[in-house]
Amino acid sequence: MPKLYFGGIVAPPLTPKDIVGFPWYTRDAEKAGMLDTREGAEFTCHKCEEQHYAFTPSKGDRHICAGFKVEERTGRFMVFCEAPL
């Protein structure tokens, strides 16, 4: 399955106080959120797993993201999971 990179959390201006924000993802590794340490990326993996983030791929039903992993690129770290297109 192709990789789906975690980009970060977006908090719209009118987000209720009990909602931190919404995740965004990208298939493009160049646009992925980058972390400075492996520990920070591993912590992000753990938090993503806890949140049960989901998205709807262009061809299919809602997909719950799971199995987040760390990828190192040029001394920085990205978080990704495998997900259908």
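Residues numbered from 1 in each chain as written. Predicted model: local features only at pLDDT ≥ 70, side-chain atom pairs only at ≥ 80, totals over all residues. Heavy atoms only, no water.

Caption draft 1: The arrangement of the sheet that holds strand E2 (residues 22–26) in detail. An order of E2-E1-E6-E5 is seen for the four strands of this open sheet, with the pairing classed as antiparallel. Every other strand in the sheet has two partners, leaving E2 and strand E5 (69–73) as the edge strands with one partner each. Strand-to-strand, the axes of this sheet are offset by a mean angle of 50 degrees, without reference to chain direction. Pairing analysis gives five bridges linking strand E1 (residues 3–10) to E2, with the strands arranged antiparallel. Across the sheet, Phe-6 pairs through a bridge with Tyr-25, a residue of E2. On top of the sheet, helix H1 (residues 38–51) reaches E1, E5 and strand E6 (76–82); it is set at about 150 degrees to E5, its chief contact. (Pairing = 2+ DSSP bridges. Helix = DSSP H or I, 4+ residues; strand = E, 2+ residues; numbered from the N terminus. Axes fitted to C-alpha atoms, helices over the stretch in contact; angles between N-to-C directions. Contact = heavy atoms within 4.5 Å.)

Caption draft 2: Representation of the confidence of the model for the protein chain in the model. Chain-level statistics for the protein chain give a pLDDT mean of 89 and a share of 92% at 70 or above. Taken element by element, the protein chain is modelled with least confidence in strand E3 (residues 54–55), mean pLDDT 84, and with most confidence in E5, mean pLDDT 97. (pLDDT = per-residue confidence, 0-100.)

Caption draft 3: Focus on the nonpolar core. Among the nonpolar cores identified, the biggest contains 14 residues, and Leu-4, Phe-6, Tyr-25, Cys-65, Phe-68 and Val-79 are the most heavily contacted of them. Elements that contribute at least two residues to this core include exactly E1, H1 and E6. Residues within four places of Leu-4 in sequence aside, it is in contact with Tyr-25, Thr-26, Arg-27, Phe-55, Cys-65, Val-79, Phe-80, Cys-81 and Ala-83. In this structure, Tyr-5, Ala-29, Met-78 and Phe-80 belong to the second largest nonpolar core, which totals five residues. (Core = buried A, V, L, I, M, F, W, Y, C linked by side-chain atoms within 4.5 Å. Buried < 20%, exposed > 50% of the residue type's maximum accessible area, 1.4 Å probe, protein only.)

Caption draft 4: Structural context of the packing of aromatic side chains. As enumerated under the stated definition, the model contains four aromatic pairs in all. Between Tyr-5 and Phe-80, the aromatic rings sit 6.0 Å apart at their centres with planes inclined by 55 degrees, giving tilted as the arrangement. You can see Tyr-5 sitting in strand E1 and its partner Phe-80 sitting in strand E6, a full 75 residues away along the chain. The residues Tyr-5 and Phe-80 share a single accessibility class, namely buried. Arranged with centres 6.2 Å apart and planes meeting at 70 degrees, the rings of Phe-6 and Tyr-25 form a pair that is edge-to-face. With Phe-6 in strand E1 and Tyr-25 in strand E2, this residue pair connects regions lying 19 residues apart in the sequence. Given a relative accessible area of 9%, Phe-6 falls into the buried group. Looking at Tyr-25, the relative accessible area reads 17%, which means it is buried. Clustering of aromatic rings is evident, with ring pairs tying together Phe-6, Tyr-25, Tyr-53 and Phe-55. Across from the ring centre of Phe-80, 4.5 Å away, lies the NZ or CZ of Lys-3, which sits over that ring. (Phe/Tyr/Trp six-rings, centres within 6.5 Å; stacked < 30°, edge-to-face > 60°. Lys NZ or Arg CZ within 6 Å of the ring centre and 35° of its normal.)

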